[in-house]
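# Inside the fold
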Amino acid sequence: MTITPQSLVRQLADICGPANTVEDPGELAQYQIGAMRPMAAAKPASSEDVAEIVKLAAGEGLALVTCGARSKLGMGMPPRKYDLALDLTRLNRVIAYDPGDLTLGVEAGILLASLDGELRKHSQFLPLAVPFFRSATAGGTVASGVDTPLRQFYGTARDYILGMEFVTGSGVLTKSGGRVVKNVTGYDLHKLMIGAMGTLGVITKINFRTFPLALEPRTFVASFANAAGALALRNLVADSPLRPLSLDILSPGIAQVFSGKMAEQIEPAPLPVGLFSRSSWLVAAQFVGNESIRTRNESELERMTREAGGARVENFSMREMEGLAGRIREFVPIALGNSPAATIVKIGVLPSRMNEILAACERAAEENNLRWAAVARGVGIILAALLPEERNEESARRVRRATEQIAESTSALGGNLTIPWCPEEWKTQLKIWGIERNDFEQMKKLKQFFDPHGTLSPGRFVGGL
Amino acid sequence: MDSRILQELISLLGPGNVRNAAEDLLLYEYDGSVEIARPECVVFPRTAAEVAGIVGVARRSGTPIVGRGAGTGLSGGALAREGGIVIVFSRMNRILEIDIPNQRATVQPGVVNGDLSAAVANAKLHFAPDPSSQRACTIGGNVAENSGGPHTLAYGVTTNHVLSLEAVLPTGEICRFGSAALDATGYDMTGLMVGSEGTLALVTEVTVKLTRLPETVKTLLAIFNSVDDATETVVDITARGITPAACEMLDGWTLRAVESYVHAGFPLDSAAVLLIDVDGLREAAESQAGEVAEVCSRHHAREVRVARDERERALLWKGRKNAFGAVGRLSTTYYVQDGVIPRTKLPQTLRYIGAAGKKNGFEIGNIFHAGDGNLHPIILFDARDPEEFRRAVATADEIIGYCIEMGGSITGEHGVGMEKDRLMPLLFSPSDLEIMRGLRDTFNPGGLLNPGKVFPSKKGCGEIHARPLPIDGNAAGTEAKRAMDLPRA
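Keep in mind that this is a model prediction, so the values were computed, not measured. Here the residue index of a chain counts from 1 through its sequence in written order. Chains carry letters and ligands carry numbers; both start at the beginning, A for chains and 1 for ligands, and go up in the order they are written. Whole-chain, interface and lining totals are the exception, using all residues; otherwise, since this is a predicted model, local features are given only for residues with pLDDT of at least 70 and side-chain atom pairs are given and counted only at 80 or more.

### A word on the overall build of chain A
Defined as follows: Secondary structure elements follow DSSP: runs of H or I no shorter than four residues count as helices, runs of E no shorter than two count as strands, and numbering proceeds from the N terminus. Values of the radius of gyration come from C-alpha atoms, whereas the globule rule sets the reference at 2.2 Å times the count of residues to the power 0.38. Comment: burial labels come from other C-beta atoms within 10 Å of the residue's own C-beta, placed from the backbone, where a count of 20 or more is buried, 12 or fewer is exposed, and between is partly exposed. Note that contacts rest on C-beta atoms placed from the backbone: two residues are in contact if these are within 7 Å.
Looking only at helices and strands, chain A has 17 helices and 19 strands in total. Computed over C-alpha atoms, the radius of gyration of chain A comes to 22 Å, within 12% of the 23 Å expected from 2.2 N^0.38 for 465 residues, which places it in the range of a compact globule. In terms of overall dimensions, chain A has a C-alpha envelope of 70 × 55 × 40 Å along the principal axes. Counting all 465 residues of chain A, 62% fall into the buried class. Looking at chain A alone, contacts between residues at least 24 apart form 74% of all its contacts between residues at least 6 apart.

Written out as C-alpha cells, the structure reads:
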C-alpha cells in the first residue's frame, strides 16, 4: 500500500465532503471490528459517491467494510484487511413508495424502524422482524442475512426483494431485478447480495414488495414437558390447513434469558404474567384474521395441543404479547447481553430432524457445563445460545467442544450450521462458517468475479471469502 | 455435425439415445414461441453422469449445448440458436424422493410439473408454481425459466420453491447447490441458477418445497361490461391489501374464443371477466370471497358468480388454462407478450394495448395474470406474410416499450431467451449487461451452454438506442427507439 492516511482522507473528502469523512481515532473506534480499526471512514450520500469510493479503494489496493448502524459488525470473521469503513447511514431516503402497488424502493442506509412508521401510515409493513430492529438499517439487515420469525408465512428477504442497485468490488454501479412483483429479466444478482455480508457488492438501493399489515394478530401459547411434544404440535400444524404467521418453539432456558434485565432493556414491553411459570418448552404461534378465523385457529390449536400432550397457556392479543414477540425477535441481542461470552449457533435442518438437533444442543450444553437457550422456528431453523458465565480460556474450550458436538450432529443430518455471534477472540478457534460445502469452488469464482481486487470485506465470509 | 462427435455421443448414450435424422430434428426446432432453430443432433441422457459426458464431448469439440424439457417455453429458451446438441431431459423423469413430513420432493428435471402435484395430492400437498402448460412442461424447464403461473400471485414463482439443485457445469463437473435444509451456508447459488435460462448450468436434480393445499378454494367469476371497470377492480383489490390466490383477466375477445372451444360458461356478451381464486381456511376463504365480491360490485361488475362446486370450478379454470389452445384455432400463428407493469397502471396500459392494435391493424386479445400486473397480449398474425410478421413484432415492441415507461419489465415469467434479448438494453445499461454477461462467461466460458440467449448480440446492441431505467425509476424520458432486428421466422 502506497497511499497515506492523510492522502486517503483528502481523496474521500473530495468525494463526500470533509464533514462526512472521519479520521479522528476516537470517532473511528465505533467502526472497530475486533482489534482492527480502519484509518478512515466515509459517509457518502449517493450511490454514485459509493461507487467512487469503492473505485478509489480498489485502485489503491485498500480493503473496506460496508456498514449501516453497525449493529451486526460482530458477525462473521474479522476482515483480513481493513483500511476504510464505508458508512451508508446517509443513504437513508425512501425513493419510491407506491402503496397501491405494494412496492417500495429505499436506499440501503434507511432505518427499518423509521421505514416501519412510514409503511404503517398505509397499513402496510415489511415482514422483517429482525434482531436489532430498532437500530438496524435495511441494507445491513439484508446483507447480514439475519432471519425473522415471520418467515413461517412470508418467507425471507429473498422472497420479497424485487431488485437491487449495488456497487461491485471494482466500483461499478449496477443493478438487477426491477420494481414489479413478477420479473424474470436478467440474472437475479440481487439474490447473491442477500446474506453475502457485503463481500460481493455494496448494496445501495433495495426494492421490496410490501404487505398489508396483519390486523389484530393473536398469539397462541402452549406448554410442553419436552421438545418432542412441542415439535409434535409443530408437525400437526404443518399437516393442517392452518397458516400461522410465525411458529416458534422456546426451550426452557429461554425463561431466564427473557426475564433478565437485558431483555427488559432491549424490549421494554413486559411479558405476560405467568407465561414462564413452568420450566417447560413453549410453542408460540401467531395468527391473524377476523373473529370466525380466530375462533377456528384457537380451537384447532387447542385440539392439536391436547393431541400433542401439552397444555394451552393462553391466547394473547397483540398488546399482551408485545413483550414476548419483541423478545423472540430480539433473541440474539438479548442472549448476547445475558452472558459475557454468549455464542449463538444457527442451524438449518429438516423439520423432522429438529428434535435430534435440540437434543444434541441440550446434551452438548450439559456435558460442557454451559447454560443454554434456544428459539426454534417451525420451518426448520434453530438459534441456540450457549451462555458461559465467564469469558476466559476455559469457557472457550467448553464452547468449542459443545459447538463441535452440535456441528457433528447437524452434519450427520444434512443440516447447515454457522456461528453468527461469539466473542471476537474465539473466532479463530470456532468453525464459525461451519463445514465447507460442495459448491464452495463456485462461490470462489463468484467472489473473484465481483471483487477481483479483494476490496470488499476480504475474509469476512465463508471459507475466507 | 461431425461424424466423430456423433460417434462419441452414440458410444456414450447408445444409438437409441442419439438422433440426427432430419425428420427427428424437425421435432426439436420449435417451442411455444414464434422462433425456430434446428439442432444438429438431439440426445436423451438418463443420468447426470451421462449429461456430464455429453458436456465433455461438446467441450472438446466446441459444440453448443442447449437443455430442453417439454419445449413449451415461450421465448425460444430451449432452441438451438447456434446449432449443436439439444439435450432432451424426457428420460430423466423420475420423482426421486417425496418427503411428506418435511414437505419436500426431489425430482429429475424431466418430471412434468403437474405430475409432481398429482403424486403428492393424497398427502394434501402440491408444487405451487402452476404454469398454464403444467400438464406438459417440466420442472427442469420451470427452473431454467423461473416459471410462474396464475397462483404465483399468492404462492410465489419457481425460485421461491426451489431449495437445492444438482447441476452439470460447462466444465463437466457435477455440483450441488443449496440444501434441502433451509439457509444453506454461503452465497445463494441456487437463487442465481434458477431463472438463468440454461446459460450457467444443466440442472440434473431439483429439490423443491411442497405446499399444503388450502382447505377451501372459492372461485369467483366477475363479469364486466367494460375493460376499464375490470382493471379498476384489480387496482382496488390490490390497494385494499386483499391477496387472492389468483386474479386472472380475460377480455371479451379472448373469452369468446375460449368459450367456443371449452364451453366453460363465460358470458359471450361481456367486455371482460375476472377469474379470481381465494383460498385458505374455510372461514378465511369465505370472508375474502365476500370482500372481493364487494369490490367487484363497487366497480360495476354486472354479475359475480361463485363456482358452486369443484366441477364448475375446474371448468372455469380449464377455460383459462386452455386459452392459448383456443386462440390457436383462430389463427395459425400468434405472438404472446409477457410484459409486466405496476398494478396501478393496468387501466391505462390496457387502453394503450387496445389503441396499439387498432393503429397497426391487429386483433389483440388479452388473457393475463392481472393480480401481479403480468400482461399477455396475444397478437394474431399470418406468419406466411413477412411484412405482417414484422408489424406484429413491432406492435409487441410498442407495448413492451409502454410497459417499461410505466416502470415495468419485459418479461414476467416467460424468460428472455432469443425472443427478447434485443430488448434487454431497454432495462439494463451496457455496463449492467456487461456484468451479467461477464458472470455468464465466468461459469460458461466460451458460451458452450445455450449460446445466443438472454443477452443481445454485440451487433444488435448498437441498434437499440435507449436510456435504461434506474432501479427506482419511471422511464418517463426513455427514448426507446426499438431495434428492428427481428427474430428469424
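### A word on the overall build of chain B
Within chain B one finds 16 helices and 18 strands. Radius of gyration (C-alpha) of chain B: 22 Å, near the 23 Å computed for a compact globule of 489 residues. The principal-axis extents of the C-alpha atoms in chain B amount to approximately 70 × 55 × 45 Å. Every one of the 489 residues in chain B was classed for burial, and the buried ones make up 62%. By sequence separation, contacts in chain B at least 24 residues apart represent 71% of the contacts at least 6 residues apart.

### Things to note about the interface of chain A and chain B
Rule in force here: Each residue gets one of three labels, nonpolar for Ala, Val, Leu, Ile, Met, Phe, Trp, Tyr, Cys and Pro, charged for Asp, Glu, Lys and Arg, and polar for the others, Gly among them.
Facing the 71 residues of chain A at the interface are 69 residues of chain B. Sort the elements by how many residues they give to the side of chain A that touches chain B and helix α17 (residues 440–450) of chain A lands first, with six residues. Here the residues of the side of chain A that touches chain B sort into 27 nonpolar, 28 polar and 16 charged.

### Considerations on the packing of helix α9 (residues 252–262) of chain B against helix α12 (residues 323–330) of chain B
Residue and element names in this part refer to chain B. Short version of the rule: Interaxial angles span 0 to 180 degrees and are taken between N-to-C directions of axes, which are lines fitted to C-alpha atoms, for helices over the stretch in contact. Any angle from 65 to 115 degrees is called roughly perpendicular, while one under 35 is roughly parallel, one over 145 is roughly antiparallel, and all others are oblique.
It is the contact of α9 with α12, at a shortest axis distance of 8 Å, that shows an interaxial angle of 90°. When the axes of α9 and α12 are compared, the pair comes out roughly perpendicular. Contacts between α9 and α12 involve Thr254, Ala257, Val258, Tyr261 and Val262 from the former and Ala323, Gly325, Ala326, Val327, Arg329 and Leu330 from the latter. Split by residue class, the contact of α9 with α12 holds eight nonpolar, two polar and one charged.

### Some remarks on the sheet that holds strand β19 (residues 416–421) of chain A
Residues and elements named next belong to chain A. Note the cut-off: Should DSSP find at least two bridges between two strands, the strands are regarded as paired.
Strand order in the open sheet formed by eight strands is β15-β12-β14-β13-β17-β18-β16-β19, with antiparallel pairing between adjacent strands. Two strands close off the open sheet at either side, each with one partner strand: β15 (311–317) and β19. Averaged over all adjacent pairs, the angle separating strand axes in this sheet is 20°, with direction ignored. Taken together, the four bridges between strand β16 (residues 343–348) and β19 define a ladder with antiparallel strand orientation. From the neighbouring strand, Ile344 faces β19, where its bridge partner is Trp421. Set on the sheet, helix α13 (residues 318–329) makes contact with β12 (218–224), β13 (246–250), β14 (281–287), β15 and β17 (371–377); between it and β15 the angle comes to about 105°.

### Description of the sheet that holds strand β3 (residues 65–68) of chain B
Residues and elements named next belong to chain B. Strand order in the open sheet formed by four strands is β1-β2-β4-β3, and the pairing between neighbours is mixed. Strands with a single pairing partner mark the edges of an open sheet, and in this sheet they are β1 (18–19) and β3. Looking at chain direction, β3 and strand β4 (residues 85–88) are connected through four bridges and run parallel. Paired with Val66 across the bridge in β4 is Val86. Its contacts with the sheet put helix α3 (residues 48–61) on β2 (41–43), β3 and β4, and the angle it makes with β4 is roughly 175°.

### Describing helix α9 (residues 227–238) of chain A
Residues and elements named next belong to chain A. Note the following rule: Helices are assigned an expected span. That span is 1.5 Å times one less than the residue count.
Helix length check: α9 (12 residues) gives 16 Å between terminal C-alpha atoms against 16 Å at 1.5 Å per residue, within 8%. Along α9, the positions that sit buried rather than exposed are Ala227, Gly229, Ala230, Leu231, Ala232, Leu233, Arg234 and Val237. Residues of α9 that are buried in the fold lie against β12, β13, β14, α12 (291–307) and α15 (354–367).

### Quick word on the environment of Asp451(A)
Within the secondary structure layout, Asp451(A) lies in the segment after α17. Placed 14 residues apart in sequence, Asp451(A) and Arg437(A) show a C-alpha to C-alpha distance of 21 Å.

### Here we look at the pairing of strand β5 (residues 95–99) of chain B
All names here are of chain B. Taken together, the four bridges between β5 and strand β6 (residues 104–107) define a ladder with antiparallel strand orientation. Following the sheet pairing, Asp99 is matched in β6 by Arg104. In sequence, β5 turns back onto β6 through a hairpin of four residues, with Gln103 there showing a positive phi of about 55°.

### Thoughts on the environment of Gly141(B)
All names here are of chain B. Here Gly141 lies in helix α5 (residues 139–145). Judged by C-beta crowding, with 31 C-beta atoms within 10 Å, Gly141 ranks as buried. For the pair Gly141 and Thr72, spaced 69 residues apart in sequence, the C-alpha to C-alpha distance is 8.5 Å. With near-sequence residues (within four places) excluded, Gly141 lies in contact with Gly69, Ala70, Thr72 and Gly73.

### Some details on the packing of α9(A) against α12(A)
Residue and element names in this part refer to chain A. Operational definition: By convention, the crossing between two helices is left-handed when the near helix turns anticlockwise from the far helix through less than a right angle, and right-handed when the turn is clockwise.
Packing of α9 against α12 leaves a shortest axis separation of 9 Å and a crossing angle of 135°. Of the possible angle classes, the one that applies to α9 and α12 is oblique. In the crossing of α9 with α12, the sense of the turn from one axis to the other is right-handed. On α12, the residues that touch Leu233, Leu236 and Val237 of α9 are Met304, Thr305 and Glu307. Residues that form the contact of α9 with α12 fall into these classes: four nonpolar, one polar and one charged.

### Structural notes on unusual backbone geometry
Residue and element names in this part refer to chain B. The backbone phi angle of Lys124 is positive, close to 60°, even though this residue is not glycine. Position of Lys124 among the secondary structure elements: in the loop between α4 (113–120) and β7 (125–126). For Lys124, a count of 16 C-beta atoms within 10 Å corresponds to the partly exposed category. Positive phi is not limited to glycine here, since Asp183 has a value of about 55°. Note that Asp183 resides in the loop between β9 (174–178) and α7 (189–193). Residue Asp183 is classed as buried on the basis of its C-beta count, with 23 C-beta atoms lying within 10 Å.

### With respect to helix α3 (residues 47–60) of chain A
All names here are of chain A. Helix length check: α3, at 14 residues, gives a terminal C-alpha distance of 20 Å against a target of 20 Å (1.5 Å per residue), a fit within 8%. The buried fraction of α3 is high, at 10 of 14 residues. Along α3, the residues that are buried comprise Ser47, Asp49, Val50, Ala51, Glu52, Ile53, Val54, Leu56, Ala57 and Ala58. Phi turns positive, to about 70°, at Gly61, one or two residues after α3.

### Describing the confidence of the model for chain B
So the rule is basically this: A score from 0 to 100, pLDDT tells how confident the predictor is in each residue.
Considering every residue of chain B, the mean pLDDT works out to 91; 93% of them sit at 70 or more. pLDDT under 50 marks residues 460–466 of chain B. Its contacts with residues more than four places away, or in other chains, come to 18 contacts.

### So, the environment of Phe381(B)
Tracing the backbone through its elements, the reader meets Phe381(B) in strand β18 (residues 377–381). Beyond its immediate stretch of four places on either side in the chain, Phe381(B) contacts Thr333(B), Tyr334(B), Tyr335(B), Phe362(B), Glu388(B), Phe389(B) and Ala392(B).

### A word on the pairing of strand β4 (residues 84–87) of chain A
Residue and element names in this part refer to chain A. Side chains Leu84 and Leu86 project from β4 onto one buried face, and the interleaved Ala85 and Asp87 project onto a second face that is buried too. Sheet topology places strand β3 (residues 64–67) next to β4; four bridges connect them, and they run parallel. Residue pairing for β4: Val65 is matched across the bridge by Ala85.

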